[in-house]
Amino acid sequence: MAAAKKDLAKETFETFTAASNDAVKDGIEKSMAAVNDLSAFHKNSVEAVIASATTASKGFEELNALAAGYAKKSMEDGMVAAKSLASAKSVQEVIEIQSDYTKSSLEAYLASVNTVSDHVSSMMKDSLKPLNERFAAAVELMQSQR
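Residues numbered from 1 in each chain as written. Predicted model: local features only at pLDDT ≥ 70, side-chain atom pairs only at ≥ 80, totals over all residues. Heavy atoms only, no water.

This part covers the pattern of salt bridges. Taken as a whole and assessed by the stated rule, the structure comprises three salt bridges. For the salt bridge of Asp26 with Lys30, the shortest nitrogen-to-oxygen distance reads 3.5 Å. With Asp26 and Lys30 both in helix α1 (residues 2-86) and four residues apart, the pair spans about one turn of that helix. For Asp26, a relative accessible area of 36% puts it in the partly exposed group. Notably, a salt bridge pairs Lys43 with Glu47, separated by 3.1 Å at the nearest N-O pair. Of the two residues, Lys43 and Glu47 both sit in helix α1, four residues apart, roughly one turn of that helix. (Salt bridge = Lys/Arg side-chain N within 4 Å of Asp/Glu carboxyl O. Helix = DSSP H or I, 4+ residues; strand = E, 2+ residues; numbered from the N terminus. Buried < 20%, exposed > 50% of the residue type's maximum accessible area, 1.4 Å probe, protein only.)

Right, dumping it as structure tokens:
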């Protein structure tokens with residue numbers, strides 16, 4: 001009977017030890033998987049920030065080129081109008097040249113504003129896309145951890 005109790009105690013201890021070892025091993029594996037997932041998520045997030053900044057930078061370069069092009073064209077048109085005004089032969093001709101120049105300047109300005117507005121809208125959408133995708137991935141990750 002004492003031997004049976006000893007065997008039962010030994011068996012219980014071995015069962016408990018095996019179960020503890022399995023639980024610790026499972027916990028470590030889950031922790032390592034979580035660390036690996038977090039590391040991969042962080043890496044993807046950094047890449048998204050870099051992609052977003054790169055896209056925004058290119059967009060601002062294009063925006064700068066649009067502004068420089070508009071300024072150059074506006075200056076050229078102003079010079080042409082000034083030459084025309086200088087060679088005008090009557091007050092009526094001056095008024096017509098100035099009127100035409102004002103109308104064309106306003107149309108060019110409005111076209112430029114529309115172009116810039118479309119460009120900024122597109123640039124913002126494109127540059128925020130990688131960040132929006134990471135945000136969606138973060139939400140999905142949080143929901144999967146419930």
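Now that the structure is up, let's keep going.
Glancing now at the side chain of Ser52. Examined against the element boundaries, Ser52 turns out to sit in helix α1. For Ser52, a relative accessible area of 8% gives the class buried. Setting aside residues up to four positions removed in sequence, Ser52 forms contacts with Ser127, Leu128, Pro130 and Leu131. (Contact = heavy atoms within 4.5 Å.)

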